[in-house]
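# Notes for the structure review
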Amino acid sequence: MKRFAFLCLAFCLLTSGQVFADSPLEIRLVVAPGTPGAVKTPWGEDETVYCAKEPLLDHKAVAEATVLSIGAREPSWEVEVRFNERGKAAFAKATTDHKGEQFGVLSNGKLLVVARVMSPITSGTLRISGNLTKEEATDLAAVIQAAVPKAVNP
């Protein structure tokens, strides 16, 4: 299943893929096949995406993920990912340095989303849209939120 939308980024939801070692959440650059360090990542039934070996950000950069309903009459659903200060700076740099390129968002080795950077995102907030149903947005936000580090009480 693929869905498209344009905000600051264009997104495609990916239905499956297992490639990387288990990691709660990572954002990796999508690269051309044959790029040194590229890792082959299955996309759906018959497509492949190649991701850089090293992540640009990980779960430690995320503060929270929530579901948003946009529009009153016919709501559309989005997932808003808010980065912490470390993540905000890293994501701003990554989207500035890689404008026009794609990122892959992975959770526990599963490719969830591929996003094309349309312009730098310096606000510290990423919105994932694409004609998502309420259930799809809720599931995606839950996966991302589950990766957010929990505060440790001293």
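These lines cover the structure that appears in this document, whether it is placed above or below.

What counts, and at which threshold
Residues numbered from 1 in each chain as written. Predicted model: local features only at pLDDT ≥ 70, side-chain atom pairs only at ≥ 80, totals over all residues. Heavy atoms only, no water. Helix = DSSP H or I, 4+ residues; strand = E, 2+ residues; numbered from the N terminus. Contact = heavy atoms within 4.5 Å. Areas by Shrake-Rupley, 256 points an atom, 1.4 Å probe, with all protein chains shown as cover. Buried < 20%, exposed > 50% of the residue type's maximum accessible area, 1.4 Å probe, protein only. Expected span 1.5 Å × (residues − 1). Arc of directions from axis to C-beta. Pairing = 2+ DSSP bridges.

### A few points about the overall build of the protein
Of the regular secondary structure elements, the protein holds two helices and ten strands. Start at the N end of the protein and walk to the C end: the helices and strands fall as β-β-β-β-β-β-β-α-β-β-β-α. Long-range contacts, defined as pairs at least 24 residues apart, comprise 65% of the intrachain contacts of the protein with a sequence gap of at least 6. In the form shown here, the protein has an accessible surface area of approximately 8200 Å², with 54% of it arising from carbon and sulfur atoms.

### Examining the environment of Ser 129
Looking at where Ser 129 falls in the secondary structure, it is placed in strand 10 (residues 125–132). Residue class for Ser 129 comes out buried when judged on its relative accessible area of 8%. For the pair formed by Ser 129 and Trp 77, sequence separation is 52 residues and the distance between their alpha carbons is 6.8 Å.

### Regarding helix 2 (residues 134–147)
Residue pairs spaced three or four apart in an α-helix point in one direction, given the helix's 3.6 residues per turn. Between its terminal C-alpha atoms helix 2 stretches 20 Å, which fits the 20 Å expected from 14 residues at 1.5 Å a residue. For helix 2, the full list of buried residues reads Glu 136, Ala 137, Leu 140, Ala 141, Ile 144 and Ala 147. All buried residues of helix 2 project into a common sector of 125° when viewed along the axis, lining one side. In helix 2, those exposed residues whose orientation departs by more than 90 degrees from the buried face are Lys 134, Glu 135 and Ala 146.

### Thoughts on the pairing of strand 3 (residues 39–43)
Pairing of strand 3 with strand 4 (residues 47–51), which is carried by five bridges, proceeds in the antiparallel orientation. Bridge assignment links Pro 42 to a residue of strand 4, and that residue is Thr 48.

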